[in-house]
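Architecture and fold: a report
Here's the letter readout for the chains.
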Amino acid sequence: MTAGTTEPEEYATDPAERKREQRGWYFYDFACSVYSTSVITVFLGPYLTSVARAASDAEGFVHPLGIPVRAGSLFAYAVSASLVVAILVMPLAGAVADRTGRKKPLLAAAAYLGAAATAGMFFLAGDRYLLGTFLLIVANASLSVSMVLYNAYLPQISEPDERDAVSSRGWAFGYTSGALVLVLNLVLYSGHDSFGLTEGEAVRICLASAGVWWGAFTVIPLRRLRDRRLGPAVRERGAAGSGWRQLRETLKDMRRHPLTLSFLLAYLVYNDGVQTVISQASVYGSEELGLDQTTLITAVLLVQVLAVAGALGMGRLARSYGAKRTILGSLAVWTLILVAGYLLPAGAPVFFFCLAAAIGLVLGGSQALSRSLFSHLVPRGKEAEYFSAYEMSDRGLSWLGPLVFGLAYQLTGSYRDAIISLVIFFVVGFVLLARVPVRRAVEAAGNPIPDRI
């Protein structure tokens, strides 16, 4: 639809059309989750660390822009930097999407920029740690921007009582694709000699294939999702203003919904811990526990398989106990996981697999239910704006956890100290979320209150 139409913005009301869009929407999780799994969680951390070490001086430091950085901290710092870049870009995407109603072209641009940067990781060889850092920043920031636009579709394509289930299915699709591609990665990496490849070449192919997968399956949501018409109130915000000005206006508007802001603050804190555990787990496993790449791939594959069941299972729990209580339970489990990780003995893959299983059971559900719960707190017509702020909590403000992790290692030289430092994010997030009266928050946003929330 064009931005110049005078008809109000529409929501999917026809059941058949709504189901068609939901099925297309699931496939963006299916497309981009492979990047999060294969690139961020498994391969890039250990590989970029090895590339940085190849370029390091006698003391083990590299010097990007003349700044001394311990090679083992580079990946964590790069993840943190990528999320700071995302903060600068996401307000622009959210503002333009809400003002024009054209989410799809912006989603396509962000998705294919990220996919291209990921495919370019095939050229990350030798001591090209700066190239790897640059491509990571571009790909990670692009993913964050695309998720702003993707998440903003959720309240438009699902009724309030459907959202926990729809969001959970999206995460389940993502974990299914992650598991499928990891099986292929495991075959290629474990048998690289039989394919005539070196270990490094096999890793670079696995990295690049995630970008190809991301780009290929993005076609499906782009074909099925549709842009919405805009009402006069939305158009009056202006079609060419600054994204940062729009962000300031959004934050001012959110002050009228302080309970929504309270949820965002809680989510910002506990999700920072979740994202850091996922992005740094492979580095912790390889560098501190001495596990080989095959073990790490198998562990993450276990996470993917169980995360599908976990996302769907926690969705069912939410129907009985409400999303808030279910999320609180998952945060308690996350805290126990970190304590167990700190105590894990080195060179013990069985214990690492047990930890991976626990992560899988809570990972998808805690993320899916947080997304669906927030969708109830968004005033109609402001989805992309509010989900821009949400995404800044989901990814754009998740720079603090990797920074804390990297600093802890830089100062102590111990990854165990780095991993246990993340407990504070889950404890504080639990306390903040427990204090949010979600039923009042939904009512204050002007939305219907589901039977269970």
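Numbers given to residues run from 1 along each chain, matching the order in which its sequence is written. It should be noted that, the model being predicted, local features are given only for residues of pLDDT at least 70 and side-chain atom pairs only at 80 or more, the latter also being counted only at that level, while totals for whole chains, interfaces and linings use all residues. Side-chain measures were taken over the full set of non-hydrogen atoms in the model, leaving aside hydrogen atoms and water.

In this text, helices come from DSSP runs of H or I with a minimum length of four residues, and strands from runs of E with a minimum of two, each type numbered from the N-terminal end. Summing up its helical and strand segments, the chain has 19 helices and two strands in all. Counting over 453 residues, the chain shows a buried share of 60%. If you take every contact in the chain between residues at least 6 apart in sequence, the share linking residues at least 24 apart comes to 85%. Where accessible areas are quoted, they stem from the Shrake-Rupley method and a 1.4 Å probe; at the residue level, only the protein chains shown are allowed to cover. Total accessible area on the chain stands at roughly 16,800 Å², and carbon and sulfur atoms take up 65% of it. The classification of residues rests on relative accessible area computed with a 1.4 Å probe and restricted to protein chains. Under 20% of the type maximum is buried, over 50% is exposed, and intermediate values are partly exposed. Contacts are residue-level and defined by heavy atoms, with any inter-residue pair within 4.5 Å sufficient.

With respect to the helices, strands and loops of the structure, serine 38 is situated in helix H1 (residues 15–54). Relative accessible area serves as the criterion here: at 1%, serine 38 is assigned to the buried category. Residues adjacent in sequence count toward polar contacts only when both atoms are side-chain atoms; beyond that, a polar contact is any pair of N or O atoms within 3.5 Å, and within protein one must be able to donate a hydrogen and the other to accept it. A polar contact of 2.8 Å, which involves the side chain of serine 38, links it to the side chain of asparagine 185. When residues no more than four places from it in sequence are discounted, the contact partners of serine 38 are Phe43, Leu44, Val181, Leu182, Asn185 and Ala210.

What follows deals with unusual backbone geometry. With a phi angle near 55 degrees, leucine 65 is a residue other than glycine that sits in the positive phi range. For leucine 65, a relative accessible area of 85% gives the class exposed.

This next bit is on the pattern of salt bridges. Within this document, salt bridges are pairs made up of a side-chain nitrogen of Lys or Arg and a carboxyl oxygen of Asp or Glu, the two lying within 4 Å of each other. Inspection of every chain in the model, using the stated rule, returns six salt bridges. One salt bridge connects arginine 371 with aspartate 29, and the closest N-O pair in it is separated by 3.5 Å. Taken together, the residues arginine 371 in helix H14 (residues 349–375) and aspartate 29 in helix H1 connect sequence positions 342 residues apart. With relative accessibility at 1%, the residue aspartate 29 sits in the buried group. Where arginine 53 meets glutamate 287, a salt bridge forms, and the shortest distance between an N and an O atom there is 2.8 Å.

Checked against the element boundaries, glycine 315 lands in helix H12 (residues 293–321). Its relative accessible area of 5% is what places glycine 315 among the buried residues. Measuring from C-alpha to C-alpha, the distance between glycine 315 and serine 167 comes to 8.7 Å, with 148 residues separating the pair along the chain.

Let us look at helix H18 (residues 423–434). To estimate the expected span of a helix, subtract one from its residue number and multiply by 1.5 Å. With 12 residues, H18 should reach 16 Å at 1.5 Å per residue; the first-to-last C-alpha distance of 17 Å fits that figure. Among the residues of H18, Val423, Phe425, Phe426, Gly429 and Leu433 are the ones counted as buried. Within H18, the buried residues cover an arc of 160 degrees as seen down the axis, which keeps them to one side. Along its buried surface, H18 packs onto helix H11 (258–288), helix H13 (323–343), helix H16 (400–412) and helix H17 (415–420). Think of the arc as the fan of directions from the helix axis to the C-beta atoms.

To get an axis, fit a line to the C-alpha atoms, keeping to the stretch in contact for a helix; angles then go from 0 to 180 degrees between the N-to-C directions. Where H1 contacts helix H6 (residues 163–190), the two axes come as close as 7 Å, and the packing angle between them is 45 degrees. In terms of orientation, H1 and H6 fall into the oblique class. The crossing of H1 and H6 is right-handed. Here the residues of the contact of H1 with H6 sort into 13 nonpolar, 10 polar and two charged. Angles below 35 degrees are treated as roughly parallel, those above 145 as roughly antiparallel, those between 65 and 115 as roughly perpendicular, and all remaining angles as oblique. Crossing handedness follows the turn of the near helix against the far one: under a right angle anticlockwise gives a left-handed crossing, and clockwise gives a right-handed one. Put simply, Ala, Val, Leu, Ile, Met, Phe, Trp, Tyr, Cys and Pro go in the nonpolar bin, Asp, Glu, Lys and Arg in the charged bin, and everything else, Gly too, in the polar bin.

The next thing to look at is the nonpolar core. Only buried residues count toward a nonpolar core. Its members are Ala, Val, Leu, Ile, Met, Phe, Trp, Tyr and Cys residues joined through side-chain atoms within 4.5 Å. With 132 residues, the main nonpolar core has Trp25, Tyr28, Leu44, Trp214, Phe263 and Trp334 as its most contacted residues. For this core, the leading source of residues is H1, giving 17 residues. Discounting residues that sit within four places of it in the chain, tyrosine 28 has contacts with Leu107, Ala111, Ser146, Met147, Tyr150, Trp214, Thr218 and Pro221. Counting residues in hydrophobic clusters, the runner-up holds seven residues, among them Ala86, Met90, Ala110 and Val145.

This next bit is on the packing of H6 against H14. Their axes nearest at 8 Å, the elements H6 and H14 cross at an angle of 140 degrees. Accordingly, the angle class assigned to the pair H6 and H14 is oblique. In this structure, H6 meets H14 at a crossing whose hand is right-handed. In this structure, H6 uses Arg163, Asp164, Ser167, Ser168, Gly170, Trp171 and Tyr175 to contact H14, whose residues at the interface are Leu363, Gly364, Gln367, Ala368, Leu369, Arg371, Ser372, Leu373 and Ser375. Among the residues forming the contact of H6 with H14, the class breakdown is six nonpolar, seven polar and three charged.

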